[in-house]
Amino acid sequence: VVSWGGRAMGFVVNPVKPMRSASTTFVANPVKPVRSARTTGSSRRRVRVVTMVTTPQPADADQPEPPPKLDFLAGIARPERYRSSDWARNLNNFSRSLVIRRIQSHVFFTVCTCAVIALVNEVNKDFSIFHLSETPHKILGVPASLLLLFRTKSSYDRFWEGRKLWGTLINRCRNLASFAVSSMDNPRPVVSLTAAFAYLLGQHLQGKVRMDEMPIKLREEDYDLIAKGGNVPYRIASRIRDEIKDIGPKGELPASAVRISMEGDVTTLMDVMGACERIVKTPVPLPYSRHTSRFLSLYAMTLPFILVDSQGLKTIVGVAMITWALFAIEEIAHMIEDPFTDKSFSLPLAAYAETIHGSCEQIIGHPLTWDYEEPIEYVEQVDDIAELEEEEEEEEEPEDPPPPKHPDGIEIRFP
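Okay, the overall build of the protein chain next. On a plain count of helices and strands, the protein chain comes out with 11 helices and six strands. Residues classed as buried in the protein chain amount to 32% of the 415 residues present. Sequence-distant contacts, at least 24 apart, represent 74% of the contacts inside the protein chain between residues at least 6 apart. On the protein chain, roughly 26500 Å² of surface is accessible, and the fraction owed to carbon and sulfur atoms is 57%.

Structural data, given as structure tokens:
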């Protein structure tokens, strides 16, 4: 398990050919500071070496060699999903429902109106206004159902489109970071800007940009660019494009092909940003939402005139159930209409940005919270820390100065 600062960065699986009837033990050596030949001053790296100790045992010729077993510790954190067995718990926390709290005033007003009508009907049963036909409400029940269906479907389509856009963003950011690491001599600026783009886009869609919520170390010129305000994600995407315009042929692919592919990824980032802004700035048409709300309100408030003649005071309970069901469906459509808010029922943009952040750190091989000036050296395999220190000390020994020369050009040699 490779980790920096408490964050699990990834898992390294080295294929090892198993020995027949052998016991294998993994021993973690204590952490020791290792000085790199490239570092200067007091800059030091900490390396933890894991040594595999294999103890051979007598082999049995008749016993077949067991197949290798690999236990994978990495996986996707599965979100909470509804299960049929949760019905009791959902009924228990019915009063704490967020939807109930948002529609309680509307339901309360309708139920109070129904209670007044039911009480007046009990006092004077011959009042003619309470004896209405149920035919209009039967006919209007179909349009009410269609209005709720279209309203909910349009909101969920916007919600699902936002999720697909951020899925595309995650894939493109990973591709961009991979190309930067494999094709650039210094991929850190591009990788850091790519991870920062995800955080800044989420904050931009929520109408707030806070640098304290972005755990990424950028350059001073990048911070100055963010401080200018405006459309910050667009500025970051433009800076990424400036960084890759002079890409060198580090990898096997030609530099032009790599640059074109990376520019395509940056273009996709801008397209995703524009599509998300379109969802935020284009709500469901207000006349449609207002007409649906008025229709349901009048339908629910006139419903007691149809039921009170036959149900009496029991109409209050029936109207409360009907209004809760209708108004809750309408409110759910309002809640998911904008999938990019900072509410609990919206898309978890911060979690998606952390996914991109973790992927970029795994691709580049070190945390993005490090300073740019901190030297980085990749060690593929370390067998003995003491030998590594001795080799680095030998490399750092100064060379012998050249022999002095006589002013007349005669070379002076010492025995």
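Additional details are given in the paragraphs that follow.
Before going further, it helps to examine the packing of aromatic side chains. Per the stated rule, a full pass over the model turns up four aromatic pairs. Taking 6.1 Å as the distance between ring centres and 40° as the angle between the ring planes, the aromatic pair formed by tryptophan 166 and tyrosine 352 counts as tilted. A residue pair is termed long-range when its members are at least 10 positions apart, and tryptophan 166 in helix H3 (residues 135–183) and tyrosine 352 in helix H10 (residues 349–364) qualify at 186 residues. We note that tryptophan 166, like tyrosine 352, is buried. Ring plane angle 20° and centroid distance 6.3 Å describe the contact between phenylalanine 295 and tyrosine 299, whose orientation is recorded as stacked. Of this pair, phenylalanine 295 and tyrosine 299 both sit in helix H8 (residues 286–311), four residues apart, which is roughly one turn of that helix. A residue is classified by how much of its surface remains accessible, and phenylalanine 295, at 17% relative accessible area, is buried. Given the relative accessible area of 15%, tyrosine 299 is considered buried. We note arginine 163 situated over the ring of tyrosine 352; from NZ or CZ to the ring centre the distance is 4.5 Å.

Moving on, we come to the pattern of salt bridges. Counted by the stated rule, this structure contains 14 salt bridges. A salt bridge links arginine 151 to glutamate 337; its shortest N-O distance comes to 2.9 Å. A residue pair is termed long-range when its members are at least 10 positions apart, and arginine 151 in helix H3 and glutamate 337 in the loop between helix H9 (315–335) and H10 qualify at 186 residues. Judged on exposure class, the residue arginine 151 and its partner glutamate 337 are both buried. When salt bridges with common partners are traced through the structure, they connect Arg219, Glu221, Asp222, Arg239 and Glu243 into a single cluster.

With that out of the way, let us pick up helix H4 (residues 188–205). Residue pairs three or four apart in sequence face the same way in an α-helix, which turns once every 3.6 residues. For H4, built from 18 residues, the straight-helix expectation of 26 Å at 1.5 Å per residue is met to within 8% by its first-to-last C-alpha distance of 26 Å. With respect to burial, H4 is a largely interior element, 17 of its 18 residues being buried. Just past H4, the residue glycine 207 takes up positive phi, approximately 80°.

If you look at the biggest cluster of nonpolar residues, it comprises 51 residues, and the most contacted ones within it are Trp166, Leu169 and Met262. For this core, the secondary structure elements donating two or more residues are H3, H4, helix H6 (232–244), helix H7 (255–281) and H10. By residue number, the principal contributor to this core is H4, which donates 11 residues. Residues within four places of leucine 169 in sequence aside, it is in contact with Phe197, Leu201, Leu269, Val272 and Ile356. Counting 15 residues, the second-largest nonpolar core is a separate cluster that includes Val107, Leu147, Leu296 and Phe327.

Quick look at a nonpolar patch on the surface now. Residues Phe94, Val317, Met321 and Trp324 make up a contiguous nonpolar surface patch of roughly 400 Å² in combined accessible area. Since its relative accessible area comes to 32%, tryptophan 324 is described here as partly exposed.

For isoleucine 170, the position within the fold is in helix H3. Considering only alpha carbons, one finds isoleucine 170 and tyrosine 352, 182 residues apart in sequence, at a separation of 7.5 Å. With residues near it in sequence (within four places) discarded, isoleucine 170 still touches Tyr352 and Ile356.

Criteria and cut-off values
Residues numbered from 1 in each chain as written. Predicted model: local features only at pLDDT ≥ 70, side-chain atom pairs only at ≥ 80, totals over all residues. Heavy atoms only, no water. Helix = DSSP H or I, 4+ residues; strand = E, 2+ residues; numbered from the N terminus. Buried < 20%, exposed > 50% of the residue type's maximum accessible area, 1.4 Å probe, protein only. Contact = heavy atoms within 4.5 Å. Areas by Shrake-Rupley, 256 points an atom, 1.4 Å probe, with all protein chains shown as cover. Phe/Tyr/Trp six-rings, centres within 6.5 Å; stacked < 30°, edge-to-face > 60°. Lys NZ or Arg CZ within 6 Å of the ring centre and 35° of its normal. Salt bridge = Lys/Arg side-chain N within 4 Å of Asp/Glu carboxyl O. Expected span 1.5 Å × (residues − 1). Core = buried A, V, L, I, M, F, W, Y, C linked by side-chain atoms within 4.5 Å. Patch = residues over 30% accessible without salt bridge, like charges linked within 9 Å, V, L, I, M, F, W, Y side chains within 5 Å.

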